[in-house]
Amino acid sequence: MKSKLKYLLLLLILNTIEASFRCDYKYSFKAHAWFKSVVVPATWFDARLRCSLEGAVLASPTTPEILAEMRNLMNHSNPEFEIFTGIHATVSQGDFYTIEGIPLSNIPVTWADNEPNNEDNKESCITLNGNGELADRQCQETRPYVCYRMKTFKEEIKDCGTVDLEYNLDARTNKCYKFHTVPRNFSRAFLACSAEGGHLAIINSETEATVLKEIFAKYPEADLVGSFRKDGAFIGFHDWGESWDWRTIHGQTLTDAGYSKFRGNPASGQSCGAIDRNARLDDWWCDATIPFICEKTPDFPAKCFD
Ligand SMILES: [Ca+2]
Ligand SMILES: [Ca+2]
């Protein structure tokens, strides 16, 4: 009896601890979690990736409270309207689990009419419709979706305004930076930085070039695993489809942005921007996958409390 009381007391204390997360997510007291509705339809794979990069998880209706919040955010009672859930069998066909590994058999489920039917043997992702019913669909189709993050009962947002501990504040520029060792092409690198609340790094001064050079030096070639270029990292400039008219991803010329030391070659046909290990700007293939550097303002996205 005594231990039960202790447990209840502990639970009470935990519940009164304030947690914080990015303000584009709203806290649900019933579900004890943060939620965000993403209205632009995406493939299941991109939905999973974006939620994950935001510090969250592609939501699955694992409890009545989460289901209620997902339906509330969908704001559609139309059975034709569907969102992707995190329930998938993308690794092994027919083995359905949530992103967190909860098997479909442990989830309270109502199926839509004639579902699941695994049409053409190609349906490995599960949607939720406006009636709260599930269906299996092709993962390459696109749907809106909901990202969520369980409350973890501790203050997690650090100096850089994110739960991502790989962002480090540099006092010289008052910006935070993250070096991504997992290589991506320019477009996916842009996505990753954006989902993390930042952008591909833009060099605005000699000082910032030095900062990036120092960050790059922390990742010697021997520490970067894989077969990709290791003396270059994507940052935030490209030619916007106009050969050799380099602008930052925020539309400025390099000179206006504040740094334009370039080592590229106009004949290369390369349209995306990188830096070498001396922080000289370099043109590179947009489709190549190489490491990249994100930059973010410490107070964006804004921090909200539950
Ligand atoms: Ca189906
Ligand atoms: Ca900058």
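Residues numbered from 1 in each chain as written. Chains lettered and ligands numbered in written order. Predicted model: local features only at pLDDT ≥ 70, side-chain atom pairs only at ≥ 80, totals over all residues.

What to know about the overall build of the protein
A tally of helices and strands in the protein yields six helices and 17 strands. Overall, the C-alpha framework of the protein stretches about 65 × 55 × 35 Å when taken along its three principal axes. Of the contacts made within the protein by residues no fewer than 6 positions apart, 69% connect residues no fewer than 24 positions apart. (Helix = DSSP H or I, 4+ residues; strand = E, 2+ residues; numbered from the N terminus. Contact = placed C-beta atoms within 7 Å.)

Examining the pairing of strand S3 (residues 33-42)
Note: strand S2 (residues 26-28) against S3, three bridges, orientation antiparallel. For Lys26, the partnering residue across the bridge sits in S3 and is Phe35. Pairing of S3 with strand S8 (residues 143-150) involves seven bridges; the strand directions are antiparallel. Directly across from Lys36, in S8, lies its bridge partner Cys147. (Pairing = 2+ DSSP bridges.)

Some words on the environment of Lys296
Mapped onto the elements, Lys296 comes out in strand S16 (residues 290-296). For Lys296, a count of 24 C-beta atoms within 10 Å translates into the label buried. Residues Lys296 and Leu200, spaced 96 residues apart in sequence, show a C-alpha to C-alpha distance of 8.6 Å. When sequence neighbours within four positions are dropped, the list of residues in contact with Lys296 reads Cys160, Tyr167, Lys175, Cys176, Glu196, Gly197 and Gly198. (Buried ≥ 20, exposed ≤ 12 C-beta atoms within 10 Å, placed from the backbone.)

A closer look at the domain arrangement of the protein
Assigned domains of the protein: these are domain 1 (21-150) and domain 2 (168-296). Here the C-alpha centroids of domain 1 and domain 2 sit 34 Å apart. With four residues of domain 1 at the interface, the matching set in domain 2 holds four residues. Here the side of domain 1 that touches domain 2 is composed, by residue class, of one nonpolar, no polar and three charged. (Domains from an automatic or database assignment. Nonpolar A, V, L, I, M, F, W, Y, C, P; charged D, E, K, R; others polar.)

A few points about helix H4 (residues 186-195)
What sets the pattern is the α-helix's 3.6 residues per turn: residues three or four places apart point alike. Regarding H4, the residues found buried are Phe186, Ala189, Phe190, Ala192 and Cys193. Each buried residue of H4 sits inside an arc of 165° when the element is viewed along its axis, so together they form one side. Of the surrounding elements, those touching the buried residues of H4 are helix H2 (44-53), strand S10 (175-184), strand S11 (199-200), strand S12 (232-238), strand S14 (272-276) and S16. Backbone geometry just downstream of H4 places Gly197 in the positive-phi region, at approximately 95°. (Arc of directions from axis to C-beta.)

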